[in-house]
Amino acid sequence: PWADDTGRFTGYEHQVSMITKKLRSEFLEERLFGMFLYKHCFKKELIDDKAVMGKDGFVSPIEKSYADLLLTGKCDEADVQFMDTVLDVLYGRHHPVSIVESGLYVLWFSVFESLRGEDGRFTNPVAWAAAVEYVWMQLREEKMTQKEIAAAYDLSVATVRKYINKVNSVLN
């Protein structure tokens, strides 16, 4: 009975079938989410590294760079390293990952992919995490003020508002 640790690990990040399903999705954001789940999986040995890289090779450059980061710990693209840093900030506040939290991560991947390549877009990972969380909560009709999210992330309200506007610019 002690060999089966799955009862203690209920998040998507520890469900091999969920990770595999996301890695095989037709949607980029979901494949990136699957890669993120893989990063936090305690049973990586049950997931073929080739699944992380995509069935027919890498589908997009961002996936190749993120897979390189996850599998080797190295990545030449600062944007992808930044994306992963924001994910780490979010994961620090939102884990284990369930169906509810999955929307938060997919939202970040959508925002990131939409703004990637625009000069000067990616600084301050904590502010991006706060803004994405705030917009996610608003989309879910959860009550949280900008002041509360700023305090939770130890940021000024003005900084949070600036990044919320960037997130909303993608969604509108």
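Residues numbered from 1 in each chain as written. Predicted model: local features only at pLDDT ≥ 70, side-chain atom pairs only at ≥ 80, totals over all residues. Heavy atoms only, no water.

Further remarks concern helix α4 (residues 61-72). Between its first and last C-alpha, α4 extends 16 Å over twelve residues, near the 16 Å set by a 1.5 Å rise per residue. Within the sequence span of α4, burial applies to Ile62, Glu63, Ser65, Tyr66, Ala67, Leu69 and Leu70. Just beyond α4, the residue with positive phi is Gly73, at close to 80°. (Helix = DSSP H or I, 4+ residues; strand = E, 2+ residues; numbered from the N terminus. Expected span 1.5 Å × (residues − 1). Buried < 20%, exposed > 50% of the residue type's maximum accessible area, 1.4 Å probe, protein only.)

Here we come to unusual backbone geometry. Geometrically, the link from His95 to Pro96 is a cis peptide bond, its omega value of -5° lying close to zero. Relative to the assigned elements, Pro96 resides in the loop between α5 (78-93) and α6 (99-115). At Asn124, a position not held by glycine, the phi torsion is positive, near 60°. Summarising the element assignment, Asn124 is placed in the loop between α6 and α7 (125-139). Here Asp154, not a glycine, exhibits a phi torsion of approximately 55°, which is positive. Take Asp154: it is sitting in the loop between α8 (146-152) and α9 (157-171).

With that out of the way, let us pick up the packing of helix α2 (residues 28-40) against α5. The N-to-C vectors of α2 and α5 enclose an angle of 65°; their axes lie 12 Å apart at closest approach. Handedness of the α2/α5 crossing: right-handed. Between α2, through Phe36, Lys39 and His40, and α5, the contact on the second element is made entirely by Asp84, Leu87, Asp88 and Tyr91. The class makeup of the residues in the contact of α2 with α5 is three nonpolar, one polar and three charged. (Axes fitted to C-alpha atoms, helices over the stretch in contact; angles between N-to-C directions. Left-handed = near helix turned anticlockwise from the far one by under 90°. Contact = heavy atoms within 4.5 Å. Nonpolar A, V, L, I, M, F, W, Y, C, P; charged D, E, K, R; others polar.)

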